[in-house]
Amino acid sequence: MMSGGLAVLCLLLLHTGVQGFGLLPGNSLNHLEITERAILNATVQVCRALAQAEGTDFTFPAQPFTVKGVAVACGAQQSSKSFHKAITFIILRNVRVDIRHALNASFHFDEEMFVQGRKIITEGIQAVKASNKQENFEAARQKLGEILHPLQDFYSHSNWVELGNKFPNSNLIRSDTSIGNIADESRATCRNCVGDDCRNNILEDIIQDKILTSGMMGISKGSSKALCFVIDTTKSMSDDIETVRNVASSIINSQVGTENEPSVYILVPFNDPGFGPLIRTTDPQVFEDALNSLTATGGGDEEELSLSGLQLALTAAPTSSDIFVFTDAPAKDKDLKSTVIALIERTQTVVNFMITGSTVLNRRRQRDDKQQHSKIAASDVQLYRDLAQASGGQAIEVTKSELPAATSIITESSSSSLVTLLQAARSPGKADNFSFVVDETVTKLTVYITGRSLTFTLISPTGESQQSTDTTGSLISASQSVGNFQTLQLNTQVGQWEMRMVSTNPYTLKVIGQSPIDFLFDFVEASQGPFTGFDVLDTRPRAGVNGSLLVSLTGSDSATVTEVALVESSGSGEVKGVVEPQANGNFLVRVDRIPSVEFVVRVKGQDSSDTPGASTIVFQRQSPINFRASNLTITADSNSILVPGTPFSVPFSVMTMGIGGNVTIRATNNRLFDSTSPASLFLETGNSVNSTVTLSAPLNTPSGTDFTLTIEAEAPGGEDTNYVVLRFSVVNTVTDFTEPVCQLLSLQSNCSNNCSLSMWELSVRVTDGAEGTGVDRVSLRQGNGSLNTSLDAGNENITLVSYRASCCSADVELLVVDRVGNVGSCVYTPREGSTAAVSMSTKVSHSPLLCLSMVVLGLHVLNWASSDSISKL
């Protein structure tokens, strides 16, 4: 049975209130508010239930719930940024439905499109459950946002509430039942509104006959860090693999059970001629076992499929992750460079390369070890440097013996509260001065420098300075230099610092710290459809023209944005925007020009505490990722669910405002599904051309598999590229809508007045019917006894359950789930000295499926609970 808290959650998800809906940032704000409120309420109720199950206290956050307040209440304050990002992603996918499907009545339950609207919801729920089961949480969040919109619109665009209904329409999430008595398309259902007043405009006979109608569109009613390794497994990498095992073990041993425990562990091996398989797990022991099973073999032709492995990791890791690539070989798949950069930009992921085979380093290494030979020429290393710089990461070049010392960056990057204060690169190298601001919330101030033959002068806010050659100064508390990589630990001082760099060689400079205050952002564009509003860009923004960003702050409910600037990555130029505060802590930023060169996003703000006498904190943060704009525009949209074995078409459109001619087209997907697409398209300046990518997933593709399709367009000459990145779910057609059932085989009890001295036990057979997909799992929702399950030796579709408990734990509720996510529950209670159950019921919990999917997605991002804990709910 669903708990009262989850029942409230479902009401919040399904009942949308009595206000009308519109678009972000104008009329659609209510979709935003409803969705955020539902997620926060769901998370609070789950955290409370988990606390009760663990016997610990839970304090409700203050109303109205905020992301930070909920994170603190759930004991995960350091993960509020990831949680905020997940909520924002779901909300924007919800809002996008109004922009991209404004005139499609099915997405809004308009024009009596009840059956079609329900089909969108039920198929979406199947995709959410299948993706969730495969731990493809990004795809699940995407689809969840898309289906919440029509789910909410049902109540604002239909007369369900006017018909006197006080509860959600549970048939909206079941395709095998009737939604209600739907009005015929030819039947009159309402009268014209009088002015702006549309109350009581539904015809009396419609209300009296309980007719469901929706011809009412105009009526006003109403994320923590991942630990991700991409590893070259060729023969020469045996020492490197052992180093990776050691650093992974150290992180796991020190962080499991803490706020910095990784939310997911990802491993992608690569060599030649293969890469993968992808290992993604929330279990650190499974991850360690996978690392221990790696063997270093082969690799005779030196070049390896490093970018293919990185591409797979980028599509599997949560957004804003840090990925570490270990290799001593050049890339064989250099043609994937632009695809990898596209994925870096879209996922805002930092990529660090740990290179142990560069030419410069090997000259020194060969003197020490005659058995090892150089594998990577300087020109090949440059590819890795370019990718690292694009992502705000480091290309660390060390010998194999130096690698263990360089892995400190992995441990430092695993903090969930890591923020970037400064990120800059100069290639070719030149003398330059850089400043960064440190506020009162920043701790563990660290500087990363990559490059050779360089010097620097560090100047503190008080004017004190320290040279790179000075090992006794008071500003740097610790330093390390290994290969081309330097790390400086600074004694934190609040105020503006300056770093003066001198070098003729290329170098990078990055300043990080730990702080709860950070920012999230997306590039957005104004809707060109019938409604006003903004939609998140899936591509690069257009170069040289005005543009917009949607910015939100994390870690504080009182912080505000005072300035947003687009800063050139390799120069001093910047474009400042106009900041417009929005509801729910968002800020719309308008800039009059998007730079035509690489740039980063810098945000300044202030945080005023309510504490009497407390000073205002002035802070500055920067995106680690370098972004590019383009004169090419590429758009694509398609149903995000693919059926195995069925051809799937993705139409796309390309336009150029630059030089016309033959534009190269590349379409790649991370699962290597068969696909066809044009090699090029001829474009004239200012005109668009349409085409299609067609692909197919093999029949044996597991339901819930997600894949990413990247469509790239490259202008003549190769100087300008743009892309669109789309995520899809593979979902088998579902015909099983029946929950598993329980059959009581036996119940034995010798319970007496002294419950601590007696036990009771039961035996149950769980089946999913002849046409069912089979029982997936059985778990305890209520009960403190021991539960054991096994397959029936004569029928694998039957699960046998035994349960034994103290009579002091007199009730048990079994949660039974089949392989497509249908949920049932079975409740048993012993009678004193009896062999019969006082009560036994099998209840279907259809509505909680959607609720629990949302809860699991939020909890996965926060890494607050194990899957076993979730199953108890």
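Everything below is about the structure shown above.
Overview of the structure. (Residues numbered from 1 in each chain as written. Predicted model: local features only at pLDDT ≥ 70, side-chain atom pairs only at ≥ 80, totals over all residues. Heavy atoms only, no water.)

Things to note about the overall build of the protein
Then, number 1: Assigned secondary structure in the protein consists of 17 helices and 41 strands.
Then, number 2: Counting all 873 residues of the protein, 56% fall into the buried class.
Then, number 3: Accessible area of the protein: about 34,700 Å², with a carbon and sulfur share of 48%. (Helix = DSSP H or I, 4+ residues; strand = E, 2+ residues; numbered from the N terminus. Buried < 20%, exposed > 50% of the residue type's maximum accessible area, 1.4 Å probe, protein only. Areas by Shrake-Rupley, 256 points an atom, 1.4 Å probe, with all protein chains shown as cover.)

Observations concerning the packing of aromatic side chains
Then, number 1: A complete count under the given rule lists 23 aromatic pairs for this structure.
Then, number 2: Relative to Phe485, the ring of Tyr448 lies with its centre 5.4 Å away and its plane at 45°, an arrangement referred to as tilted. You can see Tyr448 sitting in strand 9 (residues 443-451) and its partner Phe485 sitting in strand 13 (residues 485-490), a full 37 residues away along the chain. Of the two residues examined, Tyr448 and Phe485, each falls in the buried class.
Then, number 3: With a centroid separation of 5.2 Å and an interplanar angle of 80°, the aromatic rings of Phe648 and Phe728 are classed as edge-to-face. Highlighted residues: Phe648 in strand 27 (residues 648-656) and Phe728 in strand 33 (residues 721-730), separated in sequence by 80 residues.
Then, number 4: Exposure remark for Phe728: the relative accessible area of 3% places this residue in the buried category. (Phe/Tyr/Trp six-rings, centres within 6.5 Å; stacked < 30°, edge-to-face > 60°.)

Focus: the sheet that holds strand 14 (residues 495-502)
Then, number 1: The strand order across the open sheet formed by four strands is 8-14-10-11, and the pairing between neighbours is antiparallel. On the outer flanks of this sheet lie strand 8 (432-438) and strand 11 (465-467), each paired with one strand and no other. Each strand axis lies, on average, 20° off the axis of its neighbour in the sheet, ignoring direction.
Then, number 2: Here strand 10 (residues 455-459) pairs with strand 11 via three bridges, running antiparallel. For Ile459, the partnering residue across the bridge sits in strand 11 and is Ser465. (Pairing = 2+ DSSP bridges. Axes fitted to C-alpha atoms, helices over the stretch in contact; angles between N-to-C directions.)

Here's the deal with the pairing of strand 18 (residues 547-554)
Then, number 1: Summarising burial for strand 18: eight of the eight residues are buried, a large majority.
Then, number 2: Alternating positions in strand 18 separate into two faces, Gly547, Leu549, Val551 and Leu553 on one and Ser548, Leu550, Ser552 and Thr554 on the other, with burial throughout.
Then, number 3: In this structure, strand 18 lies alongside strand 22 (residues 586-591), joined through six bridges in antiparallel fashion. Paired with Ser552 across the bridge in strand 22 is Asn586.

Concerning unusual backbone geometry
Then, number 1: Here Gln63 and Pro64 are connected by a cis peptide whose omega angle stands at -10°.
Then, number 2: Within the secondary structure, Pro64 is located in the loop between helix 2 (29-54) and helix 3 (67-73).
Then, number 3: Look at the link from Gly276 to Pro277: it is a cis peptide, with omega at 5°.
Then, number 4: Looking at where Pro277 falls in the secondary structure, it is placed in the loop between strand 2 (264-270) and strand 3 (279-281).
Then, number 5: Despite not being glycine, Glu135 shows a phi value in the positive range, around 60°.

Remarks on the pairing of strand 15 (residues 507-514)
Then, number 1: Of all eight residues in strand 15, eight are buried; the element is thus mostly enclosed.
Then, number 2: Every second residue of strand 15 is oriented toward a common face, with Tyr507, Leu509, Val511 and Gly513 on one face and Thr508, Lys510, Ile512 and Gln514 on the other, all of them buried.
Then, number 3: The pairing of strand 7 (residues 418-426) with strand 15 spans eight bridges and is antiparallel. Across the sheet, Leu418 pairs through a bridge with Gln514, a residue of strand 15.
Then, number 4: Pairing between strand 9 and strand 15: seven bridges, direction antiparallel. Residue pairing across strands places Thr450 opposite Thr508, the latter belonging to strand 15.

Remarks on the pattern of salt bridges
Any two side chains of opposite charge can pair if their charged atoms end up close together.
Then, number 1: Using the criterion set out here, one finds 35 salt bridges in the structure.
Then, number 2: Across the pair Glu574 and Arg602 runs a salt bridge, and its minimum N-O distance is 3.1 Å. Placement of the pair is Glu574 in strand 20 (residues 574-576) and Arg602 in strand 23 (residues 599-607), with a sequence separation of 28 residues.
Then, number 3: Judged by relative accessible area, Glu574 falls into the partly exposed class, the value being 34%.
Then, number 4: Here Glu761 and Arg804 are joined by a salt bridge, their closest N and O atoms 3.3 Å apart. Pair noted here: Glu761 is in strand 35 (residues 759-767) and Arg804 is in strand 38 (residues 795-806), with a separation of 43 residues, a long-range link.
Then, number 5: Looking at Glu761, the relative accessible area reads 36%, which means it is partly exposed.
Then, number 6: Shared partners join several salt bridges into a network, and the residues in it are Glu563, Glu574, Lys576, Arg602 and Lys604. (Salt bridge = Lys/Arg side-chain N within 4 Å of Asp/Glu carboxyl O.)

Distances and angles like these do not, on their own, reveal function.
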